Amino acid sequence: MVRDVHAFCLRILEAGDLQSKLMPVPDTEGEPLPDRAPSAGIVIDRPARDPEIRLEAGVPPLPRPGELVDGAARASCLARFAHHELMAVELFAWALLRWPALPQPLRHALFIALQEEQTHCRLYLSRLEATGSRFTEHPHSDYFWKHAPAIANSPHGPRAFLAAMGLTLEQANLDFALLYRDAFREAGDKASARVCQRIHDDEIRHVGLAAHWLLRLSPQHRGDQRAAYEEAVPFPLSAARAKARRFDAEGRRRAGLSESFIEYVRTARSPQELRGRGQQTSSGGA
Ligand SMILES: [Fe+2]
Ligand SMILES: [Fe+2]
């Protein structure tokens with residue numbers, strides 16, 4: 001049985017099987033699992049993964065919302081979302097191992113978020129099973145893990161993690177969760193739609209956690225979320241990746257994001273979009 005947060009996180013990263021990664025915190029009779037981290041942080045490049053859930057580069061794109069009328073597209077989508085949650089579980093464990101000296105309330109909040117990511121993964125997996133499909137039949141993109149080296153090597157340390165995980169990937173998930181909630185509902189899969197809604201609501205807390213602690217750890221920015229984010233977010237992540245085409249401004253407000261930061265994210269353009277716009281302008285003018 002794991003005895004502390006450190007051992008719990010190590011198991012998630014060192015065990016290659018899904019069951020070990022999703023194993024709940026042991027019953028400690030109402031007491032929190034002790035968090036007596038060693039003083040030196042551990043950097044783990046990649047999580048252990050058994051062959052049937054190995055990480056792959058270049059997996060097919062996520063089905064578009066309109067494609068979810070097709071059962072195979074719904075299964076593919078649920079498998080992808082379950083895997084995003086699994087990577088979130090692993091990355092929260094990774095951060096807890098990487099930075100043992102974080103303030104205790106932040107470590108506690110990250111540990112609670114990790115456990116919620118386990119629940120999210122299980123929720124999507126149970127919907128996937130209900131479609132008659134298995135998680136191991138689907139490819140598993142290494143998308144989140146590709147950013148771990150940039151976070152690990154960032155001079156901004158845990159602030160890079162909060163900006164990347166909470167304020168980019170999870171912020172974008174607020175939009176994706178609602179976009180796909182409606183798509184599942186329109187396809188007649190109300191149970192999956194409910195799971196998307198539940199996860200959306202939890203993710204608001206995770207985005208809020210990142211926003212709160214990024215500012216606490218960035219006193220030089222005096223409460224300016226945009227400045228703190230811009231400084232800490234590790235390339236190639238940026239505000240252009242912190243959203244989807246449906247933009248959930250209300251969820252962001254509930255997470256404590258400022259109006260100016262929300263507007264900054266809403267109008268952010270990726271380098272590709274800016275290049276495309278430049279070409280359009282120049283061809284339009286020719
Ligand atoms: Fe999640
Ligand atoms: Fe989350």
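Just above, that's the structure.
What you are looking at is a predicted structure, and each value in this text was computed from that prediction instead of being measured.

**Considering the overall build of the chain**
Here's step 1: A count of helical and extended segments in the chain gives 11 helices and 0 strands.
Here's step 2: For the chain, whose C-alpha radius of gyration is 19 Å, the value lies close to the compact-globule estimate of 19 Å for 286 residues.
Here's step 3: Over its C-alpha atoms, taken along the principal directions, the chain stretches across nearly 65 × 50 × 30 Å.
Here's step 4: When the 286 residues of the chain are sorted by exposure, 53% land in the buried category.
Here's step 5: Looking at the chain alone, contacts between residues at least 24 apart form 79% of all its contacts between residues at least 6 apart.

**Quick word on helix α4 (residues 104-130)**
Here's step 1: Here α4 contains 27 residues, and its C-alpha end-to-end distance of 40 Å stays within 8% of the 39 Å for a straight helix at 1.5 Å per residue.
Here's step 2: Of the residues one or two after α4, Gly132 is the one with positive phi, at around 85°.

**Notes on the coordination of the iron ion (ligand 1)**
For a metal with four tetrahedral donors the ideal donor-metal-donor angle is 109.5 degrees, while six octahedral donors give ideal angles of 90 or 180 degrees.
Here's step 1: Around the iron ion (ligand 1), the donor atoms from the protein are Glu85 (OE), Glu117 (OE), His120 (ND1) and Glu203 (OE), and they sit 2.0 to 2.3 Å away.
Here's step 2: Relative to the metal, the 4 donor atoms surrounding the iron ion (ligand 1) lie at angles of 84 to 147°, and the coordination shape comes out irregular.
Here's step 3: Written as a sequence motif, the donor residues of the iron ion (ligand 1) are E-x31-E-x2-H-x82-E.

**Things to note about the coordination of the iron ion (ligand 2)**
Here's step 1: All of the protein donors around the iron ion (ligand 2) are Glu117 (OE), Glu170 (OE), Glu203 (OE), Glu203 (OE) and His206 (ND1); their distances to the metal are 2.0 to 2.7 Å.
Here's step 2: All donors of the iron ion (ligand 2) come from a single chain, and their spacing in sequence reads E-x52-E-x32-E-x2-H.
Here's step 3: For the pair the iron ion (ligand 2) and the iron ion (ligand 1), the metal-to-metal distance amounts to 3.4 Å, and Glu117 bridges them. Placement of the pair is Glu203 and His206 together in helix α7 (residues 190-216), with a separation of 3 residues, close to one helical turn.
Here's step 4: You can call Glu203 buried: its relative accessible area is 1%.

**Observations concerning the packing of helix α3 (residues 71-98) against α4**
Here's step 1: Where α3 meets α4, the closest approach of the two axes is 8 Å, and the angle between their N-to-C directions is 160°. With respect to α4, the element α3 is oriented roughly antiparallel. Classified by chirality, the crossing of α4 by α3 is left-handed.
Here's step 2: Of the residues in the contact of α3 with α4, the class split is 19 nonpolar, 2 polar and 4 charged.

**Some words on the nonpolar core**
Here's step 1: If you look at the biggest cluster of nonpolar residues, it comprises 64 residues, and the most contacted ones within it are Trp94, Leu110, Leu114, Trp145, Phe161, Leu167 and Tyr229.
Here's step 2: Sorting the residues of this core by element identifies α1 (5-14), α3, α4, α5 (148-153), α6 (158-186), α7, α8 (225-232) and α10 (259-266) as the ones contributing at least two each.
Here's step 3: If we skip the residues at most four places from it in the chain, Phe161 touches Leu91, Phe92, Trp94, Ala95, Trp99, Leu110, Ile151 and Gly166.
Here's step 4: Listed in part, the 24 residues of the second largest apolar core include Leu22, Cys77, Phe184 and Ala193.

**Concerning the environment of Gln220**
Here's step 1: Residue placement: Gln220 occurs in the loop between α7 and α8.
Here's step 2: With a relative accessible area of 43%, Gln220 lands in the partly exposed category.
Here's step 3: When near neighbours in sequence (up to four residues on either side) are disregarded, Gln220 contacts Arg159 and Glu231.
Here's step 4: A polar contact of 3.2 Å, which involves the side chain of Gln220, links it to the side chain of Glu231.

Reading the values: rules and limits
- Every chain is numbered on its own, with residues counted from 1 as its sequence reads.
- Each chain gets a letter, beginning with A, and each ligand a number, beginning with 1, in the order they are written.
- Residue-level local features of this predicted model are given only where pLDDT is at least 70; pairs of side-chain atoms are given and counted only at 80 or more, and the full residue set underlies all totals for whole chains, interfaces and linings.
- Heavy atoms from the whole structure form the basis of all side-chain values; hydrogens and water molecules are not counted.
- Only DSSP runs of H or I covering at least 4 residues are called helices, and only runs of E covering at least 2 are called strands; the numbering of each starts at the N terminus.
- We compute the radius of gyration over the C-alpha atoms and compare it with the globule rule, which gives 2.2 Å times the number of residues raised to the power 0.38.
- Here's how the labels work: a residue is buried when its accessible area is under 20% of the maximum for its type, exposed when over 50%, partly exposed in between, all with a 1.4 Å probe on protein chains only.
- Here, two residues are considered to be in contact whenever any of their heavy atoms come within 4.5 Å of each other.
- An expected span of 1.5 Å times one less than the residue number is assigned to each helix.
- Ligating atoms shown are N, O and S within 2.8 Å of the metal, or 3.2 Å for Na, K and Ca, and water is not included, meaning a site may look less than complete.
- Geometry assignment treats four donors as tetrahedral when all angles are between 85 and 135 degrees, treats four as square planar and six as octahedral when opposite donors are over 155 degrees apart and all others between 65 and 115, and treats everything else as irregular.
- Here an angle of 0 to 180 degrees is reported between the N-to-C directions of two axes, which are lines fitted to C-alpha atoms, with helices fitted over the stretch in contact.
- For classification purposes, angles smaller than 35 degrees are called roughly parallel, those larger than 145 roughly antiparallel, those between 65 and 115 roughly perpendicular, and all remaining angles oblique.
- By definition, any crossing whose near helix is turned counterclockwise from its far helix by less than a right angle is left-handed, and any crossing with a clockwise turn is right-handed.
- Each residue is assigned to one class: nonpolar for Ala, Val, Leu, Ile, Met, Phe, Trp, Tyr, Cys and Pro, charged for Asp, Glu, Lys and Arg, and polar for all the others, Gly among them.
- Remark: nonpolar core denotes a set of buried residues (Ala, Val, Leu, Ile, Met, Phe, Trp, Tyr, Cys) joined through side-chain atoms within 4.5 Å.
- N or O atoms closer than or at 3.5 Å make up a polar contact, with two conditions inside protein: a donor-capable atom paired with an acceptor-capable one, and, for residues adjacent in sequence, both atoms drawn from side chains.

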